[in-house]
Amino acid sequence: MEGHSITKVVLLACGSFNPITNMHMRMFELARDHLEDTGQYKVVRGIISPVGDAYKKKGLIEACHRLEMTRLATESSDWVMVDSWESLQPEWVETAKVVRHHYEELLAAEQNIDDVDTIKYAKKRRIEENYHKHRDGLQLMLLCGADVLESFGIPNMWKQEDIAEIVGRHGLVCITRSNSDPYKFIHQSDLLWKYRKNIHIVREWVTNDISATHVRRSLRRGQSVRYLLPDSVIHYIKEHDLYSSESEQKNADVVLAPLQRYTGASSS
């Protein structure tokens, strides 16, 4: 269509990736197909950002291992990459801040700015201006599963202003699972309903419910996980003897970082 501009999109997936599975990689392919099929978007990059150790999720193994497994899993992709910034932070970083970080990095790279730190104020002003220019420029969207979308409704898991920033300013691509109804969840949430046009629901017709939780269970029991994970990741897990009954109990008595931060709760 003449005069029709295509918005370039970078997809960002945050999460534990404990371990990364073939379904995690498949989500990027599904999201790209869906967005580009609209004729409005061109997906130019995918970024996987594993959460840091300070998230304190039960069974979460060290970030250095999760990062390396993600690097191995993305070796076969020519457009999805892993980024270590979030996982290397000493404290847990809210997803909204991770999104903000990557958006700033993309803007800086796009405008060939070499010394970002010397122009902090100008950068901040430019970022605020660019939030409202997605149609003609570069847009960062958070890629997630329906479980993340539904977690927006769990008390003290998310700050409402963070949800508004992620969904309202950037956008969300949600891959549905077979037992989820994201449309109903959006309908029941006034905040998500307000930004519903920024939420792209992608239905996976070839159902694939690979769960990292189930993968870890199989690994603990010495069962095969071949064809659920990339072979290189399976080899890495075996080489480093990851995912045992002991590792699954890691952080078992620790309060999840968001609940600690937003409620003041502490470990028992």
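Here, every reference points to the structure presented above.
The text that follows walks through the structure, step by step, so that each part is easy to find. (Residues numbered from 1 in each chain as written. Predicted model: local features only at pLDDT ≥ 70, side-chain atom pairs only at ≥ 80, totals over all residues. Heavy atoms only, no water.)

**Some words on the pattern of salt bridges**
Here is step 1: For the coordinates displayed, the defined rule picks out 13 salt bridges.
Here is step 2: Where Glu248 meets Arg216, a salt bridge forms, and the shortest distance between an N and an O atom there is 3.0 Å. Of this pair, Glu248 sits in helix H11 (residues 245-248) while Arg216 is found in helix H9 (residues 212-220), placing the two residues 32 residues apart along the sequence.
Here is step 3: Overlapping salt bridges, with partners in common, bring together Glu94, Lys97, Lys159 and Arg261 in one network. (Salt bridge = Lys/Arg side-chain N within 4 Å of Asp/Glu carboxyl O. Helix = DSSP H or I, 4+ residues; strand = E, 2+ residues; numbered from the N terminus.)

**Overview of the sheet that holds strand S5 (residues 172-176)**
Here is step 1: A sheet is described by the order of its strands in space; here six strands give the open sequence S3-S2-S1-S4-S5-S6, paired in parallel fashion. The open sheet has two free edges, formed respectively by strand S3 (80-82) and strand S6 (199-203), since each of these has just one partner strand. Pairs of neighbouring strands in the sheet enclose a mean axial angle of 25 degrees, with direction left out of account.
Here is step 2: Pairing of strand S1 (residues 7-15) with strand S4 (residues 138-145), which is carried by six bridges, proceeds in the parallel orientation. Residue pairing across strands places Leu11 opposite Met141, the latter belonging to S4.
Here is step 3: Packed on one face of the sheet, helix H2 (residues 63-74) meets strand S2 (41-50) and S3 and runs near 160 degrees to S3.
Here is step 4: In the packing of helix H3 (residues 95-110) onto the sheet, contacts are made with S1, S2 and S4, and the angle to S4 comes to roughly 150 degrees. (Pairing = 2+ DSSP bridges. Axes fitted to C-alpha atoms, helices over the stretch in contact; angles between N-to-C directions. Contact = heavy atoms within 4.5 Å.)

**Observations regarding the side chain of Ser87**
Here is step 1: Along the polypeptide, Ser87 turns up in the loop between S3 and H3.
Here is step 2: Separated by 3.0 Å, the side chain of Ser87 and the backbone oxygen of Ser84 make a polar contact.
Here is step 3: Every residue in contact with Ser87, bar those within four places of it in the chain, is listed here: Pro50, Val51, Gly52, Ala63 and Leu67. (Polar contact = N/O pair within 3.5 Å; in protein donor to acceptor, adjacent residues only side chain to side chain.)

**Thoughts on the pairing of S4**
Here is step 1: Among the eight residues of S4, eight are classified as buried, and the element is accordingly described as predominantly covered.
Here is step 2: With burial as the criterion, each face of S4 is covered, one bearing Leu138, Leu140, Leu142 and Cys144 and the other bearing Gln139, Met141, Leu143 and Gly145.
Here is step 3: Pairing between S4 and S5: four bridges, direction parallel. Paired with Cys144 across the two strands is Cys174, which belongs to S5. (Buried < 20%, exposed > 50% of the residue type's maximum accessible area, 1.4 Å probe, protein only.)

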